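# Coordinates in review
Here's the letter readout for the chains.
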Amino acid sequence: MASDSCARVRFAPSPTGKLHIGGARTAIYNWAFARSMGGTFILRIDDTDPTRSTDENTRVILRAMRWLGLDWDEGPDVGGVCGPYRQTECLPLYREAAERLVAEGKAYYCFCSAEKLSQDHDAAVARKDPFQGYQRTCRALDPCDARARVDAGEPCTIRIKVPLDRGDVVVHDAVHGDVAFNAKELDDFIIFRSDGTPTYNFATVVDDARMGITHVIRGDDHLSNTPRQIMVYEALGAPAPTFAHISMILGADGKKLSKRHGATSVEEYRDQGFLSDAFVNYLALLGWSLDGETTIIPRAVLASRFSLEHVSKNPAIMDPEKLSWVQQQYVLAMDDTTFVTDILKPALAAAGLDDGSMHDDAWYALLAAILKPRTTMPHDAADKACFLYEGVEVALDEKSVAKNIAKEGVRSWLEAARDALAAVADDTWKADAINAALEPLPEVLGTGKRRFFGAVRVALCGNQVSPPLGESMELLGKDIVLARLERTLPLAG
RNA sequence: GGCCCGUUCGUCUAGCGGUUUAGGACAUCGCCCUCUCAAGGCGGAGAUCGCGGGUUCGAAUCCCGCACGGGCUACCA
């Protein structure tokens, strides 16, 4: 537990919606960074926007984080030495910090109305002033006068006083390098609203400073706001952390990911049946690479080898096909027992086919063995196992029947198959024996294996595509197999 | 308008001045295996490294312009 690293990182979502895949990736990077550094991973809920934040969203986000397997060391539910971890529970702290800044002359009250602000802005645009921000009107107010107006109940905000002679503010960014901004372009932005709540740029910094955050890893939509936040760190007298701004995730058309691109929330992927490990694997490698070769990266490797140096700067387009491939790799790597409990049985139950107790363990194990390489999503398994649960009257696909059964001479093949299978002793009704019984038939009947087995397949499974026949028949049981062959005979030519 | 960021196969990426005829993966195509479908194996095609200038014996890699895309510029986060 003891580590020589004091890296402290945080993932601080706003509960204004579900956890998006972009947010999930940010969370993964923070988590992986903390773990690789032997540091601390903190979960904080940035809910300073009371109109858009909800407790329900917070619950959903926490649940998604747990599903992702991103365990946090400090957070709203587990506590920690730097609590509270929910910004709405820290309101007095922000107020105190803001007032201290005013007292120290590093921030000031502003009484400008919304109309005045927009007039100033319009005027700046009209005179083609490159600076269109706040004109610092109230900065010149006498502090005592301002105090009196506040006490008299006049509505006001609190603005940070950006030092005019600050020069370049440089953001030390682990993925972009040093990024310089001229402080002259920063306006005296609001840190406290007239309704008595702090703004994001202020609350985040107060919390990050208070929690001793050493690395801020977040979306690059925050990069331009970072110099403002650095002003707050400086006013607060706190050291600024190292930043790492990661790019956005885009849809197939290169536009910002939205509903029209399909699933965007973590929960939707979970509900579709994606494995958390596969999902994390895919997202981790979307915008970060271990070595340019690795495509499958176990969680433990991610947690030990992650590095900010290999995070890419440019936005990445989400590719559902590659996600599926990664998922398939994880399914393939599962042992059969896990496949049965985690994928097969839940899928059969969800499809209403089997509550999990209709057969013995060996039966499910055999089914797992033939279905696993044919399964990416759980529903694939259910779809492919469906024909095992339909009794004698399995649904026959018309086209398959027309193509494989309703042909001259097929009736004799099916009869031959039936007779050969009937001759297999009940206690040796296994895939091997079944295959051995059918194997010689095509030659004897003077036909091709493809056509012969094609006919048998349609008769037994109702379709031209099915899992391997020997195993399928073993699972079906001798009686059903013979009955299905029998009932197909009238359709054969 | 101003400021900032980004730009290597269709997609995710490797690449940090010469080892590059730009490597890997997904997707795609072909072959093999094969009772179908998968899985697996092998192979092909696919990127003049956004464009234009420089610097250098040598540039995807360094510098400068431009273009395009994105972000910030809110009493949103």
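Residues numbered from 1 in each chain as written. Chains lettered and ligands numbered in written order. Predicted model: local features only at pLDDT ≥ 70, side-chain atom pairs only at ≥ 80, totals over all residues. Heavy atoms only, no water.

### Looking at the domain arrangement of chain A
Stated precisely, the cut-off is as follows: An automatic or database domain assignment is the source of the domain bounds shown.
Examined at the domain level, chain A breaks down into domain 1 (8–74 + 205–247), domain 2 (94–192), domain 3 (259–332), domain 4 (334–386) and domain 5 (390–493). Put simply, the middle of domain 2 and the middle of domain 3, counted by C-alpha atoms, are 41 Å apart.

### Some remarks on the protein's contact with RNA strand B
The line we're drawing: If a single non-hydrogen atom of a residue is within 4 Å of a molecule or strand, that residue counts as near it. Here a polar contact is recorded for every N or O atom pair within 3.5 Å, except that within protein the pair must consist of a potential hydrogen donor and a potential acceptor, and residues adjacent in sequence are included only if both atoms are side-chain atoms. In this text, helices come from DSSP runs of H or I with a minimum length of four residues, and strands from runs of E with a minimum of two, each type numbered from the N-terminal end. Note on residue categories: nonpolar means Ala, Val, Leu, Ile, Met, Phe, Trp, Tyr, Cys or Pro, charged means Asp, Glu, Lys or Arg, and polar means any other residue, Gly included.
Close contacts around RNA strand B come from 62 residues, with S14, R193, N225, P373 and R374 the closest. Considering the 4 Å shell around the protein, atoms of RNA strand B inside it are sugar or phosphate in 71% of instances. Contacts to RNA strand B include R228, whose side-chain N or O atom sits 3.2 Å from a sugar or linking oxygen. In the environment of RNA strand B, a sugar or linking oxygen lies 3.1 Å from a nitrogen or oxygen atom belonging to the backbone of Q464. Those elements that place two or more of their residues in the surface near RNA strand B are β6 (177–182), β11 (316–317), α11 (320–333) and α19 (449–461). For the surface near RNA strand B, the element with the highest residue contribution is α11, accounting for 5 residues. Across the surface near RNA strand B, the residue classes tally to 21 nonpolar, 21 polar and 20 charged.

### A word on a positive patch on the surface
So the rule is basically this: Exposure above 30% relative accessible area and the lack of any salt bridge qualify a residue for a patch; like charges then connect within 9 Å, and the nonpolar side chains Val, Leu, Ile, Met, Phe, Trp and Tyr within 5 Å. Areas reported here follow the Shrake-Rupley algorithm with a probe of radius 1.4 Å; residue values treat only the protein chains shown as occluding. For salt bridges, the criterion is a side-chain nitrogen of Lys or Arg within 4 Å of an Asp or Glu carboxyl oxygen. Only four residue types enter the tally: Lys and Arg on the positive side, Asp and Glu on the negative side; His and the chain ends are excluded. Here the site of a charge means atom NZ of a Lys, CZ of an Arg, CG of an Asp or CD of a Glu. Each residue's exposure class comes from its accessible area (1.4 Å probe, protein chains only) as a fraction of the maximum for that residue type: buried when under 20%, exposed when over 50%, partly exposed otherwise.
Judged by side-chain charge, K399, K403, K407, R450 and R451 come together as a positively charged surface patch. With respect to the helices and strands, the residue K403 is situated in helix α15 (residues 398–404). Overall, the relative accessible area of 54% leaves K403 in the exposed class.

### Considerations on the pairing of strand β4 (residues 157–160)
Going by this rule: When DSSP finds at least two bridges between two strands, those strands are taken to pair.
Side chains T157 and R159 of β4 all project onto a buried face; the interleaved residues I158 and I160 project onto the opposite face, where all are buried too. With 4 bridges connecting them, strand β3 (residues 107–110) and β4 associate as antiparallel partners. When the bridges of β4 are listed, Y108 appears paired with R159. In terms of strand pairing, β4 meets strand β7 (residues 190–192) through 2 bridges, oriented antiparallel.

### Examining the packing of aromatic side chains
Put simply, the rule is: Stacked, tilted and edge-to-face pairs are distinguished by plane angle, under 30 degrees for stacked and over 60 for edge-to-face with tilted covering the rest, among Phe, Tyr and Trp rings (Trp via its six-membered ring) whose centres lie within 6.5 Å.
For the structure on display, the rule yields 9 aromatic pairs. An angle of 40° between the planes, with centres 5.1 Å apart, marks the rings of Y29 and F306 as tilted. Of the two residues, Y29 sits in helix α1 (residues 21–37) while F306 sits in the loop between α10 (299–305) and β11, which places them 277 residues apart along the sequence. Just as Y29 is buried, F306 falls in that class too.

### Comments concerning the pattern of salt bridges
Applying the stated criterion across every chain yields a total of 36 salt bridges. The salt bridge involving E154 is made with R149; its shortest N-O contact spans 2.7 Å. Using a relative accessible area of 30% as the deciding quantity, one classes E154 as partly exposed. By relative accessible area, R149 is classed as partly exposed at 33%. For R299, the salt bridge is made with D277, and the minimal N-O distance between the two is 2.8 Å. Taken together, the positions of R299 in helix α10 and D277 in helix α9 (residues 276–284) put the pair 22 residues apart, joining distant regions of the chain. Members of the salt-bridge network, linked through shared partners, are R10, R44, D46, D207, D208 and R210.

### Focus: the packing of helix α16 (residues 410–422) against helix α21 (residues 478–488)
Cut-off, in case you're wondering: Lines are fitted to the C-alpha atoms to define the axes, a helix being fitted only along its stretch in contact, and any angle between axes, read from their N-to-C directions, falls within 0 to 180 degrees. These descriptions rest on fixed angle ranges, namely under 35 degrees for roughly parallel, over 145 for roughly antiparallel, 65 to 115 for roughly perpendicular, and the rest for oblique. Should the near helix be turned anticlockwise from the far one by less than a right angle, the crossing is left-handed, and should it be turned clockwise, the crossing is right-handed. Contacts are assigned to residue pairs that have any heavy atoms within 4.5 Å of one another.
For the pair α16 and α21, interaxial distance at closest approach is 10 Å and the crossing angle is 160°. Comparing the axis directions of α16 and α21 gives the class roughly antiparallel. The crossing of α16 and α21 is left-handed. Counting all contacts with α16, which are made through L414, A417, R418, L421 and A422, the residues of α21 involved are K478, V481, L482, L485, E486 and T488.

### Section: the packing of helix α17 (residues 431–438) against helix α20 (residues 469–476)
Relative to each other, α17 and α20 sit at 120°, their axes nearing to 8 Å. Viewed along their axes, α17 and α20 adopt a mutual orientation that is oblique. Pair α17 / α20 crosses with right-handed handedness. Judged by residue contacts, A431, I434, N435 and L438 of α17 engage G470, E471, M473 and E474 from α20. For the contact of α17 with α20, a count of residues per class yields 4 nonpolar, 2 polar and 2 charged.

### Considerations on the environment of I213
Inspection of the secondary structure assignment puts I213 in the loop between α6 (200–210) and β8 (215–219). Given a relative accessible area of 7%, I213 falls into the buried group.

### A look at the sheet that holds β3
Strand pairing in a sheet is mediated by backbone hydrogen bonds. Such pairs are either parallel or antiparallel. One open sheet accounts for 3 strands, arranged β3-β4-β7; its pairing is antiparallel. Edge positions in the open sheet fall to β3 and β7, since each of these has one partner strand only. When the angles between neighbouring strand axes are averaged without regard to direction, this sheet yields 45°.

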